[in-house]
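Each chain, letter by letter, is given below.
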Amino acid sequence: MKIRIGNGYDIHKLVGDRSLILGGVNIPHYLGLLGHSDADVLTHAIMDAMLGALSLGDIGHYFPPSDPQWSGADSLILLAQVDSLIKNRGWQISNIDSVVVAEKPKLKPHIETMRDNLARVLQLEPNQVGVKATTNEKLGPVGREEGICAYAVVLLLQ
Ligand code: MG
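Residues numbered from 1 in each chain as written. Predicted model: local features only at pLDDT ≥ 70, side-chain atom pairs only at ≥ 80, totals over all residues. Heavy atoms only, no water.

Trainee: Provide a residue-level description of the environment of Asp-40, including the pertinent values.
Mentor: Note that Asp-40 resides in the loop between strand 4 (32-33) and helix 1 (41-53). Residue Asp-40 is classed as buried on the basis of its relative accessible area of 0%. When the C-alpha atoms of Asp-40 and Ile-11 are compared, they prove to be 9.4 Å apart, with 29 residues separating the residues in sequence. (Helix = DSSP H or I, 4+ residues; strand = E, 2+ residues; numbered from the N terminus. Buried < 20%, exposed > 50% of the residue type's maximum accessible area, 1.4 Å probe, protein only.)

Trainee: Which residues make up the coordination of the magnesium ion, and what values go with them?
Mentor: Taken together, Asp-10 (OD), His-12 (NE2) and His-44 (ND1) make up the full set of protein donors to the magnesium ion, lying 2.0 to 2.2 Å away. Motif for the magnesium ion, donor spacing along one chain: D-x1-H-x31-H. Taken as a pair, Asp-10 and His-12 share a single burial class, namely buried. (Donors = N, O, S within 2.8 Å, 3.2 Å for Na, K, Ca; no water.)

Trainee: Please set out the sheet that holds strand 1 (residues 3-15) residue by residue, giving values where relevant.
Mentor: Read from one edge to the other, the open sheet built from five strands follows the order 4-1-7-5-6, with strand pairing classed as mixed. Edge positions in the sheet fall to strand 4 and strand 6 (129-134), since each of these pairs with one other strand and no more. Note that strand 5 (residues 92-101) and strand 7 (residues 147-157) share nine bridges and pair antiparallel. Of the residues in strand 7, the one forming a bridge with Ser-98 is Ala-152. Packed onto the sheet, helix 4 (residues 111-122) meets strand 5 and strand 6 and runs at close to 150° relative to strand 6. (Pairing = 2+ DSSP bridges. Contact = heavy atoms within 4.5 Å. Axes fitted to C-alpha atoms, helices over the stretch in contact; angles between N-to-C directions.)

Rendered as structure tokens:
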């Protein structure tokens, strides 16, 4: 059996008049994430981890911000496309682990829905998709609520 590991990181800026979408969940908050797509920072980190595991580059290569077709895109649809790239090469996901770093709002009530969304798109069981949330203890730009970032690792099997 072959095994590959990948890691991903993403950060997006928090602004007014944008939705806060994390793991495909639209979370009520007075700020949202700025980006060309829906700026779902968690899903982006997971996509980059999947691509990284196979040295396939990063999401900017496949979904460039300069391409208007990705404007406002649902990142779960982009995730499905990255999943196809993996599967077409004969790989399957063993598990994903991720962490979202956000000072506010409280993400705990939404974690299970995020896991369910990601697992559904990737055709996995929710227990294969770890999503954790933490604050940055008020330190740095994330601690000042200027942005939200996410980290992910993925293990692929063939
Ligand atoms: Mg991004």
